[in-house]
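What follows is each chain in one-letter form.
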Amino acid sequence: MTGFQEALTGTPIYAWCILAYLLWRGIKGLRTRTVYLPQLFIIPIAFMLLKFQRIFSADAKAFWLALCLGALAGLLLHAWAKIKILPKAHWVEVPGHPGTLILLLAFFGFQYYLGYLKSRNPTLYLQYAFLEPIASGLLSGYFIGRGLRSTYACYKAWPRKEARDNGERGNG
C-alpha cells in the first residue's frame, strides 16, 4: 500500500465529517444567500474552539497576531462586496464567492497534512508545527473580518432604513 493510500485509510472518521461540513459550507458560499448576521461568525468560532488549547499556549502570540491580520484581510477583501440589508433586523444578503470554498479546503488540506506528518514523521512535523497556530489565526481572523464587514454594513444602513420605514408609515 502506498503512503497516500495509508493516509486515506488511516484517516479518522471525524476528519471526513469535518471535510463534508467544510465542503457543504463552502458550496453554500458560492451562491448569493440570505444570512442572519450571527451565522457569519460560526466558522471562526468553530475553528477557535477546535484550536482552543492553542489560544492559551506558548504559540498564543502568533495565533492572536495572525487572527488580527486575518481580520484586517477579511475586512479589506470584502470591502467591495455589495451587501444588501434586508427588512428583517440583522439579516443581510451576501454575494456568493468561491473564496470561502477555496480557503476552507486549503485549510483542511494543510491541517490534514500536518496530522499526517505528526503520525508518520514527528521530527519533520515539529519543523512545521509553528505554522499551525498562524494558519488557524489567519483563517479565523479572515472570517471574523468578513463577518464584521457585513455587520458594519448592516448597522451603518440600519438607522437610515428605520427612519425611512417610520417615514413611510407616517405618510400612509
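Residues numbered from 1 in each chain as written. Predicted model: local features only at pLDDT ≥ 70, side-chain atom pairs only at ≥ 80, totals over all residues. Heavy atoms only, no water.

Assigned secondary structure in the protein chain consists of eight helices and three strands. Scanning the protein chain from its N terminus toward the C terminus, one meets helices and strands in the order α-α-β-α-α-α-β-β-α-α-α. When each of the 172 residues of the protein chain is scored for burial, the buried share is 38%. Considering only contacts in the protein chain between residues 6 or more positions apart, those separated by 24 or more positions represent 80%. Accessible area for the protein chain stands at about 10600 Å²; split by element, carbon and sulfur atoms hold 68% of it. (Helix = DSSP H or I, 4+ residues; strand = E, 2+ residues; numbered from the N terminus. Buried < 20%, exposed > 50% of the residue type's maximum accessible area, 1.4 Å probe, protein only. Contact = heavy atoms within 4.5 Å. Areas by Shrake-Rupley, 256 points an atom, 1.4 Å probe, with all protein chains shown as cover.)

Before going further, it helps to examine the sheet that holds strand β3 (residues 91–94). Pairing in this open sheet of three strands is antiparallel, and the strands run β1-β3-β2 from one edge to the other. Strand pairing shows two members of the sheet lacking a second neighbour, β1 (33–36) and β2 (84–85), which therefore form its edges. Where β2 lies against β3, two bridges are found, and the strand directions are antiparallel. Paired with I85 across the strands is V92, a residue of β3. (Pairing = 2+ DSSP bridges.)

Moving on, we get to the packing of aromatic side chains. Evaluated as defined, the whole model comprises six aromatic pairs. Between the aromatic rings of Y21 and W24, the centroid separation amounts to 5.8 Å while the plane-to-plane angle is 40°, which identifies the pairing as tilted. Of this pair, Y21 and W24 both sit in helix α2 (residues 13–28), three residues apart, roughly one helical turn. Ring geometry for Y142 versus F143: centroids 5.1 Å apart, planes at 80°, classification edge-to-face. The pair formed by Y142 and F143 is uniform in burial state, with each residue classed as buried. By the ring-pair criterion, three or more aromatic residues cluster together here, those being W16, F108 and Y112. (Phe/Tyr/Trp six-rings, centres within 6.5 Å; stacked < 30°, edge-to-face > 60°.)

This part covers a nonpolar patch on the surface. A surface patch of nonpolar side chains, about 290 Å² in accessible area, is lined by L23, I27, L30 and L105. By the secondary structure assignment, L23 is in helix α2. The exposure class of L23 is partly exposed, given its relative accessible area of 30%. (Patch = residues over 30% accessible without salt bridge, like charges linked within 9 Å, V, L, I, M, F, W, Y side chains within 5 Å. Salt bridge = Lys/Arg side-chain N within 4 Å of Asp/Glu carboxyl O.)

This brings us to the packing of α2 against helix α6 (residues 99–120). Where α2 contacts α6, the two axes come as close as 8 Å, and the packing angle between them is 165°. In terms of orientation, α2 lies roughly antiparallel with respect to α6. For the pair α2 and α6, the sense of crossing is right-handed. Each of A15, W16, I18, L19, L22, L23, R25, G26 and I27 in α2 lies in contact with α6, whose residues at this interface are T100, L101, L104, L105, F108 and Y112. Residues that form the contact of α2 with α6 fall into these classes: twelve nonpolar, two polar and one charged. (Axes fitted to C-alpha atoms, helices over the stretch in contact; angles between N-to-C directions. Parallel < 35°, antiparallel > 145°, perpendicular 65-115°, else oblique. Left-handed = near helix turned anticlockwise from the far one by under 90°. Nonpolar A, V, L, I, M, F, W, Y, C, P; charged D, E, K, R; others polar.)

In this section: the side chain of T100. Among the secondary structure elements, T100 is positioned in helix α6. The class of T100 is buried, set by a relative accessible area of 6%. Apart from residues lying up to four places away in sequence, T100 is in contact with R25, G26, F143 and R146.

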